[in-house]
Amino acid sequence: MPAFHRRQILKLSAMAGASAVLPKVAAASDGDIREDFDVLRAALDIHPGALRYLNPAALDAALTVFESEYAATEALDERYLVLSRFLSKLRCGHTYANFYNQSEAVSEALFNRKTRLPFAFRWVDGQMVITRSLSGLNLPSGAIITDINGVAPERMLQQLLPYTRADGAALGKRIALLEVQHRARIEYFDVFHGLVYGAPEDGVHRLRAILPDGRAISVNGPALDLAARKAMRDASPEIIKGDGPSWSFEVRRDIGILTMPSWSTYSFDWDWQDWLEGKLDDVIGLRGLIVDNRRNEGGDIKVGIQLLTRLIRDPVPLPDIRRLVRFRTFPEALRPHVNTWDSSFYSVGERAEAVGHGFYALPRPQSIDRLAPRGDPIDVPTVLLTSPTNSSAAFTFAYIAQASGRMKLVGTPTGGNRRGINGDGFFFTTLPVSGIEFDLPMVGQFPVEPQHDGGVIPDVQVEETAADIAAGRDPAMDAAFSLIED
């Protein structure tokens, strides 16, 4: 997603607190609502990043507002929205009411609604620009939507921003989440647009748009459910399909292009390490390599390490990061309400050293202080394509790759945050009364040296326009080719 002009970012930031009218649907479970408050407060007491951007007074004030709003409703969808709005204030990209970790009942009630828009789109310079639409709609790529059921898309964006997740002041990441680009089975925009705006009248979205040739049109399109969105996603040419690798490699103009939409290796049923090593061998002798990570939100940093250690010629120091937790012993009162995939997470604080203010530092193995070159060196110019989608491991990789000097970064600023992110393990925490789950990260990463509040800025920033989308141009890819060929 291209960077917004500063004027538009400031405007969106100022208006992001606007609240939409919330629908009333499925009722929450019976029980004393204070049980949910107790669990949330206990979770925040051990959240490693809860006080990274908020001081204790500000956090307590936000909790007071949350409890008032949450108690004022018994509707499941409203409570989900109130919780999401609160968690967003923590400015942690890994803390949210995860779509994929909800119970079947909660998931069905909240996410399988016939509310979805019949097209995919990106936010370009504050405008909703079509990238692909349902067959039969006169909405070609590059068309600009100007009205959805009487609401301007810019206003819609402003109302949905408070429900998004990002590390620190990464507004670009929040906006990228509110695109529909078939990056995930459940799209962030689809969920919160559906919950905030509800189903359109008669199940039909009434749309106005400006076509690439400048003509204004009005069209009607069906509201889609989750299955229909999946069908659109499966039909998208950019989705890598089949049971084989979910990455791709091609050679164009004697330059290799490695496209990696995700590093979530736990879901792979193929030997990604062997596949990647083979493709890296194939790069030897080519004119250059382009790694397209623009759709990559993160996953296993070992992918990036395997890639970068074939590119570097000398050892590369890693950032000086302290890994901190906020508990020595996991709270017994919280344990019945969480689960995780590794029981050792509950005792991680036992081997940590107290460093003050309720934090405990985990030991850092000396073996990961630097990356060492390995294998046959790939001595060709290399470019990494970046976007605000890049967070977690994808952000960390961009940070290290740029510092190594072996990759030029092209595109738009990443998500993540140089001040540090939270993760390394999660406690999936369920509020007992509503039944809503949210992800609680285990470890906070804190740089030893002060850093600015933002992601990685690419060496060459490239913005995409609606005209580029209409013409099928990829200016970031074009810039990458130019860097290698010039």
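Everything that follows concerns the structure shown earlier in this document.
Residues numbered from 1 in each chain as written. Predicted model: local features only at pLDDT ≥ 70, side-chain atom pairs only at ≥ 80, totals over all residues. Heavy atoms only, no water.

## A look at the nonpolar core
Part 1 of the reasoning: Counting residues in each nonpolar core, the largest one holds 82 residues, and the members touching the most others are Tyr80 and Leu139.
Part 2 of the reasoning: Looking at this core, the element that brings in the most residues is helix H4 (residues 76-88), giving seven residues.
Part 3 of the reasoning: If we skip the residues at most four places from it in the chain, Tyr80 touches Ala97, Phe99, Gln102, Leu110, Phe111, Val191, Phe192, Leu195 and Ile436. (Core = buried A, V, L, I, M, F, W, Y, C linked by side-chain atoms within 4.5 Å. Buried < 20%, exposed > 50% of the residue type's maximum accessible area, 1.4 Å probe, protein only. Helix = DSSP H or I, 4+ residues; strand = E, 2+ residues; numbered from the N terminus. Contact = heavy atoms within 4.5 Å.)

## Observations concerning the pattern of salt bridges
Part 1 of the reasoning: Summed over the entire model, instances satisfying the criterion amount to 28 salt bridges.
Part 2 of the reasoning: A salt bridge links Glu179 to Arg122; the nearest nitrogen and oxygen atoms lie 3.9 Å apart. Pair noted here: Glu179 is in the loop between helix H7 (171-177) and helix H8 (188-197) and Arg122 is in strand E1 (residues 119-124), with a separation of 57 residues, a long-range link. Taken individually, Glu179 and Arg122 each receive the classification buried, so the pair is uniform in this respect.
Part 3 of the reasoning: Arg165 is paired through a salt bridge with Glu297; the nearest N and O atoms lie 2.9 Å apart. Taken as a pair, Arg165 in the loop between helix H6 (153-160) and H7 and Glu297 in the loop between strand E8 (288-292) and helix H11 (301-311) lie far apart in primary sequence, 132 residues in all. (Salt bridge = Lys/Arg side-chain N within 4 Å of Asp/Glu carboxyl O.)

## Let's talk about the environment of Arg418
Part 1 of the reasoning: With respect to the element layout, Arg418 can be found in the loop between strand E16 (408-411) and strand E17 (422-430).
Part 2 of the reasoning: Here the alpha-carbon distance between Arg418 and Gly194, two residues 224 residues apart in the chain, equals 33 Å.
Part 3 of the reasoning: Not counting chain neighbours up to four residues away, the residues in contact with Arg418 comprise Phe395, Tyr399, Pro447, Gln451, His452, Gly454 and Gly455.
Part 4 of the reasoning: One polar contact links Arg418 to Gln451, side chain to side chain, over a distance of 3.3 Å. (Polar contact = N/O pair within 3.5 Å; in protein donor to acceptor, adjacent residues only side chain to side chain.)

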